[in-house]
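One-letter residues, chain by chain:
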Amino acid sequence: MNETEIRAIFLQELGNIAPEMDLQRLDAYADLREALDIDSMDLLNLMTALHRRLGVNIPELDYPKLMNLDGALRYLGDRLK
Amino acid sequence: MNETEIRAIFLQELGNIAPEMDLQRLDAYADLREALDIDSMDLLNLMTALHRRLGVNIPELDYPKLMNLDGALRYLGDRLK
Amino acid sequence: MTDGLVDFTMPSLGSDMEAGTLVEWLVRPRDKVKRGDIVAVVETQKGAIEIEVFEDGEIAEILVEPGQKVPVGTPLARVRKGVPASAAAEAVAAAAAPPPPRAPAPEPKVVAPRRKEGRVLASPAARELARSLGVDLAKIEGSGPGGAIVRADIVGRATAPEEKKPIGLDLAAMREAISAAMARSKREIPHYYLQHQIDVTPSEEWLARTNAGRQPADRLLFAVVAMKAVALALKRFPQFNGFWREGKFEPAAAVHVGLAIAIRGGGLAAPALHDVDRLSLDELMTRLRDLVPRMRAGRIRGSEMADATITVSSLGERGVEALFGVIYPPQVALVGFGTIVRRPWLTENEVRARSVVTITLAADHRVSDGHAGALFLDEIGKLVQEPEKL
Amino acid sequence: MTDGLVDFTMPSLGSDMEAGTLVEWLVRPRDKVKRGDIVAVVETQKGAIEIEVFEDGEIAEILVEPGQKVPVGTPLARVRKGVPASAAAEAVAAAAAPPPPRAPAPEPKVVAPRRKEGRVLASPAARELARSLGVDLAKIEGSGPGGAIVRADIVGRATAPEEKKPIGLDLAAMREAISAAMARSKREIPHYYLQHQIDVTPSEEWLARTNAGRQPADRLLFAVVAMKAVALALKRFPQFNGFWREGKFEPAAAVHVGLAIAIRGGGLAAPALHDVDRLSLDELMTRLRDLVPRMRAGRIRGSEMADATITVSSLGERGVEALFGVIYPPQVALVGFGTIVRRPWLTENEVRARSVVTITLAADHRVSDGHAGALFLDEIGKLVQEPEKL
């Protein structure tokens, strides 16, 4: 899976969790929890969706690595190599 | 400047800050903040007035030495020798 | 009387609701229904709410048409009791129920919004819901048979990109309803507050260990530990579980915990999870995962809105240490969990870095007092520290 | 209409004010006035308050004489608009404005209270103020030209030693006004409370470093850091800045922070510092140094009393850790700063002695909820920790 596909899926699932937010303008380094007002339930739903869509089972200990767009895409890219 | 003059100026400026208090009866060793209900703004105004009247620039670190009448007069006396 | 006709009425979905608008029927005359089936959608100040039927039987007659606003208690339909549930009823229930969780198989590609010539494939219920929510069906991806759009696809999906607001919830109306309830609460309920700090390090460690061996879909959150602890403590302290009505306290038989859920954009609701004291942490988590997105999408059932017997408010990870809330009338207590913080703490007489949570209780002094409240809060604190026993 | 006559009316100096007594005119007919000039002193429950004119022009007619008590909105004078401000107006403004800060030059000697044969040298405005406040001019030291007593000398100076009470403030009336506003607040506003502790050691150290290189007249207090942090956090959380009026929230465009100031002897007032979000810490400190003594002496301007959009209450150095206050209606939030205390605290996972402050929020649940409140309080906490960026 290439970088563009991963990005599209990640943004789509983020959009499902925070449908009223404008993800076009999301800063690549902004903390997702603050930028999108995401709580622990949202976060868990996001991880569940990424597991379902990409087959990547992200352990809780790795959550901090996915807390901004840039980090998340790098993490998922590494896991899907 | 002699001790009597310093005392008069100090009490006058204290009176300006807490005009409704009876300074005649002030205990020389009582904590001024408690005895006169002085807050940090009052304290800063007192230090500013002493600087203006006596030319003594009292650093914040020395504030504790002026926290009762006796200590204040001794401190100011030393600085004005 | 098992075969008689009974009225199915506009339910009261909260003590502040006076009327509701019937938005959609999910059943037609002669449809078979089972107790608990969702048969209609009602628009209230809290948003579009799905309402359930409380009898097994058959829809005999529809009395109120979509679009009509009627007072609470007005008969909406007549139900002929006692007709055994049939395949027809099952079908209705299946159409209305939330979709089963999808299998965790990777999907190949991002599907672009389908736009077909002519009519989009969609169930009548989905079509109706889309109309009432102002959602463009052409922009929705269907997950039903043959790619048909079903109700579940509409809820939680983005509307047209230019409309960046929560779907199906009228936040202004919701805010008004909260205002009225909160103002009434503080006018009528003499609130007292208690506060307690506890070391939840063992609880966090247990959750981390448990979740480490699980896929995301099966992981637990601290919120379910908190809710279960409150529910179990209520069994010993029933004076915090129930309602103040007509000048006296009515203890509730069941423990239905309302969970305060913030809606992005400024809304707030506290729908109930039913029988929390009797559910395992896993069952509770499953219910919570179903409830939160439904709530945020405005797809909440009438009974969930109306019958919480106590409220739990949890500030989550990005909040502050303690909250002293406003009791949701006619309830008599609200338990608050602050954000878990790292603090120096004494364990075995040594200062160590531990995870600490501040639990607070707001309670109705007409019903309980500080002594009972303290024992109740202390019991919650002890239960939270031993999640493996919950 | 630029040259027409307009009414100058008794202003509303707070939502609880119904009437005021005209104590003193600082202008006479045919005096030129500029927008913002202080033209009269009014006695209210909150004490003697200086009121400003909102038009450039000329005083055409005085309608209410000193000593008369009239309802809010009653015309007090007529102003002919559009007359350009002249030297005469400048003179009036200068007489009424606070004195310029004196140069920090040591004064040679204590001047004994002047007591001259016959008439004491004093400006008419000072004479009038002294009369209204019951101050003996013979006991006041003048700082004006030729040792004349000006208004500024009277305010903040001791009255005769036997009258040991604050000047210009009727504490009993003030207490009554507070009583009425606070009782109304708790009856009408559903308060919820949040509490958070933060480590302000970096902030204290920054203040100590900054002040070490400054003369007392230029030093900063923690209070300005606190106020500025609240003002900046409000830009991201506007639902805490404004008024609840006629059943709905009106957000305020500007950030005017009311600072709760205790008056020795039992009074309390919360005059506003204007546009706190746009002032530097130094500018804020200058305003604060002007405001606090004026407030304590009862020389406060109408606009300062009436238009705070939020209140900050700081317990200072000799208080306790946390306060849960009462919102000043029609405002919708109050932020409390407890006394800074030394506590064991975790920094970089090690236990160290740190300076900790407890910040609290009391907010109106009709307008906001705990989730938003927690994010607001958290943001204030973060801003307070980085004073160099404020």
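These numbers come from a predicted model, not from an experiment.

### What about the overall build of chain C?
Thought 1: A count of helical and extended segments in chain C gives nine helices and 21 strands.
Thought 2: Here chain C, with 390 residues, has 54% of them falling under the buried criterion.
Thought 3: When contacts within chain C are restricted to residue pairs at least 6 apart in sequence, those whose partners lie at least 24 apart make up 65%.
Thought 4: Split by element, the accessible area of chain C, about 16800 Å² in all, is 53% carbon and sulfur.

### A closer look at the overall build of chain A
Thought 1: Assigned secondary structure in chain A consists of four helices and zero strands.
Thought 2: For chain A, the succession of helices and strands along the chain, N to C, is α-α-α-α.
Thought 3: By the compact-globule yardstick of 12 Å for 81 residues, chain A fits well, its C-alpha radius of gyration being 11 Å.
Thought 4: Each principal axis of the C-alpha distribution contributes one length, and for chain A these read about 30 × 25 × 20 Å.
Thought 5: Once local pairs closer than 6 in sequence are excluded, the contacts in chain A between residues at least 24 apart make up 51%.
Thought 6: Summing over all exposed atoms, chain A offers an accessible surface of approximately 3800 Å²; the carbon and sulfur share of this is 48%.
Thought 7: A distance of 6 Å separates the average location of the 9 positive side-chain charges in chain A from that of its 15 negative side-chain charges.

### Focus: the environment of R219(D)
Thought 1: Structurally, R219(D) can be placed in the loop between α5 (201-212) and α6 (222-236).
Thought 2: Taking the C-alpha atoms as reference points, R219(D) and L207(D), 12 residues apart in sequence, are found 8.6 Å from one another.
Thought 3: Residues contacting R219(D), with those up to four places away along its chain left out, are L44(B), N57(B), I58(B), P59(B), E60(B), Y63(B), N211(D), R214(D), M285(D) and R289(D).
Thought 4: Of the polar contacts made by the side chain of R219(D), one reaches the backbone oxygen of R214(D); its length is 3.2 Å.

### Considering the sheet that holds strand β6 (residues 57-62) of chain C
For sheets, the rule is that strands pair by backbone hydrogen bonds, running either parallel or antiparallel.
Thought 1: Ordered in space as β1-β8-β6-β3 (chain C), the four strands form an open sheet in which the pairing is antiparallel. Taken across any chain shown, the strands that pair with only one partner, and hence form the sheet edges, are β1 (5-9) and β3 (32-33) of chain C.

### Some remarks on α5(D)
Residue and element names in this part refer to chain D.
Thought 1: The terminal C-alpha atoms of α5, which comprises 12 residues, lie 16 Å apart, in line with the 16 Å expected from a rise of 1.5 Å per residue.
Thought 2: All of the buried residues along α5 are T201, S203, W206, L207, T210 and N211.
Thought 3: At its buried positions, α5 is contacted by β9 (191-199), α6, α7 (281-297), β20 (350-364) and α9 (370-384).

### Comments concerning the pattern of salt bridges
Thought 1: Counting across every chain of the model gives 53 salt bridges over all chains.
Thought 2: When the shortest N-O distance is used, the salt bridge between R33(B) and D31(B) registers 3.0 Å.
Thought 3: Of the residues examined, R33(B) reaches a relative accessible area of 24% and is grouped as partly exposed.
Thought 4: In this structure, E386(D) and K389(D) form a salt bridge, with 3.2 Å as the shortest nitrogen-oxygen distance.
Thought 5: What makes K389(D) exposed here is its relative accessible area of 61%.
Thought 6: A network of salt bridges, in which partner residues are shared, links E13(A), R52(A) and R53(A).

### What about the pairing of strand β2 (residues 19-25) of chain C?
All names here are of chain C.
Thought 1: Across the seven residues that make up β2, a large majority, six, are buried.
Thought 2: Pairing analysis gives three bridges linking β2 to strand β7 (residues 69-71), with the strands arranged antiparallel. Among the inter-strand pairings, T21 is bridged to a residue of β7, identified as K69.
Thought 3: As judged from the four bridges shared by β2 and strand β4 (residues 38-44), these two strands associate in the antiparallel manner. Its bridge partner lying in β4, E24 is registered against V41.

### A closer look at the side chain of K228(D)
All names here are of chain D.
Thought 1: You can see K228 is positioned in helix α6.
Thought 2: With no salt bridge to any partner, buried K228 finds its closest opposite charge in E283, at an N-O distance of 7.2 Å.
Thought 3: Those residues within four positions of K228 in sequence are excluded, and the remaining contacts are V276, D277, L279, S280, L281, L284 and L390.

### Comments concerning the packing of aromatic side chains
Aromatic ring pairs are defined here through the distance separating the ring centres and the angle between the ring planes.
Thought 1: Under the definition given, this model contains 12 aromatic pairs over all chains.
Thought 2: Plain terms: the ring middles of Y193(C) and F324(C) are 5.6 Å apart, the flat faces sit at 90 degrees to each other, and that makes the pair edge-to-face. Of this pair, Y193(C) sits in strand β9 (residues 191-199) while F324(C) sits in strand β18 (residues 322-324), and the two are 131 residues apart along the sequence.
Thought 3: Here F324(C) falls in the buried class, since its relative accessible area comes to 6%.
Thought 4: Ring geometry for Y193(C) versus Y193(D): centroids 6.4 Å apart, planes at 85 degrees, classification edge-to-face. Separated into two different chains, Y193(C) in strand β9 and Y193(D) in strand β9 make up a pair that spans both.
Thought 5: An aromatic cluster is present here, built from Y193(C), F324(C), Y193(D) and F324(D) joined pairwise through their rings.
Thought 6: In this structure, R245(C) is placed above the aromatic ring of F243(C), and the distance from its NZ or CZ to the ring centre is 4.4 Å.

### Re the packing of α6(D) against α9(D)
Residues and elements named next belong to chain D.
Thought 1: Where α6 meets α9, the closest approach of the two axes is 8 Å, and the angle between their N-to-C directions is 135 degrees. As judged from the angle between their axes, α6 and α9 are oblique. Once α6 is placed against α9, the crossing between them reads as right-handed. Contacts between α6 and α9 involve F222, V225, A226, A229, V230, L232, A233, L234 and R236 from the former and F376, E379, I380, L383 and V384 from the latter.

### What about helix α4 (residues 171-188) of chain D?
Residues and elements named next belong to chain D.
Thought 1: Taking 1.5 Å per residue, 18 residues should reach 26 Å; α4 reaches 25 Å between its end C-alpha atoms and fits that length.
Thought 2: Inspection of α4 places L171, A173, M174, A177, I178, A181, M182 and S185 among the buried residues, and these make up the whole buried set. The buried residues of α4 occupy an angular sector of 165 degrees when the element is viewed end-on, so they sit on one face. Set apart from the buried face of α4 by more than 90 degrees, the exposed residues are A172, E176 and R187.
Thought 3: Against β9, β13 (261-263), β14 (267-269) and α7 lie the buried residues of α4.

### Observations regarding unusual backbone geometry
Residues and elements named next belong to chain C.
Thought 1: Geometrically, the link from P329 to P330 is a cis peptide bond, its omega value of 5 degrees lying close to zero.
Thought 2: With respect to the helices and strands, the residue P330 is situated in the loop between β18 and β19 (333-337).
Thought 3: Even without a glycine there, the phi angle at N349 is positive, about 65 degrees.
Thought 4: Here N349 lies in the loop between β20 (341-347) and β21 (350-364).
Thought 5: By relative accessible area, N349 is classed as exposed at 73%.

### Observations regarding the sheet that holds strand β1 (residues 5-9) of chain D
Residue and element names in this part refer to chain D.
Thought 1: The strand order β1-β8-β6-β3 describes an open sheet built from four strands, whose pairing is antiparallel. The sheet is open, and its two edges are formed by β1 and β3 (32-33), each paired on a single side.
Thought 2: Two strands pair when backbone bridges link them, and β3 and strand β6 (residues 57-62) are joined in this way by two bridges, in the antiparallel orientation. Looking across to β6, one finds that K32 is bridged to E58.

### Description of the side chain of S185(C)
Thought 1: You can see S185(C) is positioned in helix α4 (residues 171-188).
Thought 2: In terms of polar contacts, S185(C) uses its side chain to reach the backbone carbonyl oxygen of I327(C), at 2.7 Å.

### Overview of the nonpolar core
Thought 1: F337(C), F376(C), I380(C) and I380(D) are the most contacted members of the largest nonpolar core, which has 224 residues in total.
Thought 2: The element that contributes the greatest number of residues to this core is helix α6 (residues 222-236) of chain C, accounting for 11 residues.
Thought 3: Filtering out sequence-adjacent residues up to four positions away, F376(C) remains in contact with V230(C), A233(C), L234(C), F237(C), F240(C), I310(C), V335(C) and L361(C).
Thought 4: A322(C), F324(C), L334(D) and A362(D) belong to the second-largest nonpolar core, a separate cluster that totals seven residues.

### Remarks on the confidence of the model for chain A
Any region with low pLDDT has predicted coordinates that should not be read closely.
Thought 1: Chain-level statistics for chain A give a pLDDT mean of 92 and a share of 100% at 70 or above.
Thought 2: Ranking the elements of chain A by mean pLDDT puts helix α2 (residues 32-35) of chain A last, at 89, and helix α4 (residues 69-79) of chain A first, at 95.

### A look at the confidence of the model for chain C
All names here are of chain C.
Thought 1: Summarising the model, chain C shows a mean pLDDT of 81, and 76% of its residues fall at 70 or more.
Thought 2: The least confident element of chain C is helix α1 (residues 87-96), whose mean pLDDT is 39; the most confident is β19, at 98.
Thought 3: Considering only residues more than four positions removed or in separate chains, one finds that residues 84-118, a stretch of pLDDT under 50, has 54 contacts.
Thought 4: In this model residues 156-167 is a low-confidence stretch, pLDDT under 50, and it forms 32 contacts with partners more than four residues away in sequence or in other chains.
Thought 5: Two summary scores accompany this predicted model of the complex, namely pTM at 0.72 and ipTM at 0.74.

Rules used in this analysis
- In this convention, every chain numbers its residues from 1, walking through the sequence in written order.
- Chain letters and ligand numbers both follow the written order, the letters beginning at A and the numbers at 1.
- Local features are withheld for residues below a pLDDT of 70 in this predicted model, meaning they are given only at 70 or higher, and side-chain atom pairs are given and counted only at 80 or more; totals for whole chains, interfaces and linings count all residues.
- Here the side-chain values reflect all heavy atoms present in the structure, with hydrogen atoms and water set aside.
- A helix here means a DSSP run of H or I that spans at least four residues, while a strand means a run of E at least two residues long, and both kinds are numbered starting from the N terminus.
- Working definition: with a 1.4 Å probe on protein chains only, accessible area under 20% of the residue-type maximum means buried, over 50% means exposed, and in between means partly exposed.
- Whether two residues touch is decided by their heavy atoms; if any such pair falls within 4.5 Å, the residues are in contact.
- Note that accessible areas follow from Shrake-Rupley with a 1.4 Å probe, and for residues the cover is restricted to the protein chains shown.
- Atoms counted for the radius of gyration: C-alpha only. Globule rule: 2.2 Å times residue count to the power 0.38.
- Within this scheme the basic residues Lys and Arg register as positive and the acidic residues Asp and Glu register as negative, but His and the chain ends are omitted.
- Lys charges are placed at NZ, Arg charges at CZ, Asp charges at CG and Glu charges at CD.
- Under the rule applied, a polar contact is a pair of N or O atoms within 3.5 Å (in protein, one hydrogen donor and one hydrogen acceptor; residues adjacent in sequence only if both atoms are side-chain atoms).
- Strands pair, by our definition, only if DSSP identifies at least two bridges between them.
- To estimate the expected span of a helix, subtract one from its residue number and multiply by 1.5 Å.
- Salt bridge criterion: a side-chain nitrogen from Lys or Arg within 4 Å of a carboxyl oxygen from Asp or Glu.
- Put simply, two rings from Phe, Tyr or Trp (the six-membered ring, in Trp's case) pair if the centres are within 6.5 Å, and we call them stacked under 30 degrees between planes, edge-to-face over 60, tilted for the rest.
- Sitting over a ring, as applied to charges here, requires NZ of Lys or CZ of Arg to be within 6 Å of the ring centre and within 35 degrees of the ring normal.
- Helix axes are fitted only over the stretch in contact, all axes being lines through C-alpha atoms; the angle between N-to-C directions runs from 0 to 180 degrees.
- Should an angle fall under 35 degrees it is called roughly parallel, over 145 degrees roughly antiparallel, and 65 to 115 degrees roughly perpendicular, with every other angle called oblique.
- By the definition used in this description, the sense in which the near helix is turned from the far one sets the handedness, with an anticlockwise turn below a right angle giving left-handed and a clockwise turn giving right-handed.
- Arc definition: it is the arc formed by the directions from the helix axis to the C-beta atoms.
- Residues belong to one nonpolar core when they are buried, are Ala, Val, Leu, Ile, Met, Phe, Trp, Tyr or Cys, and are joined through side-chain atoms within 4.5 Å.
- The predictor's confidence in any single residue is recorded as pLDDT, a number from 0 to 100.

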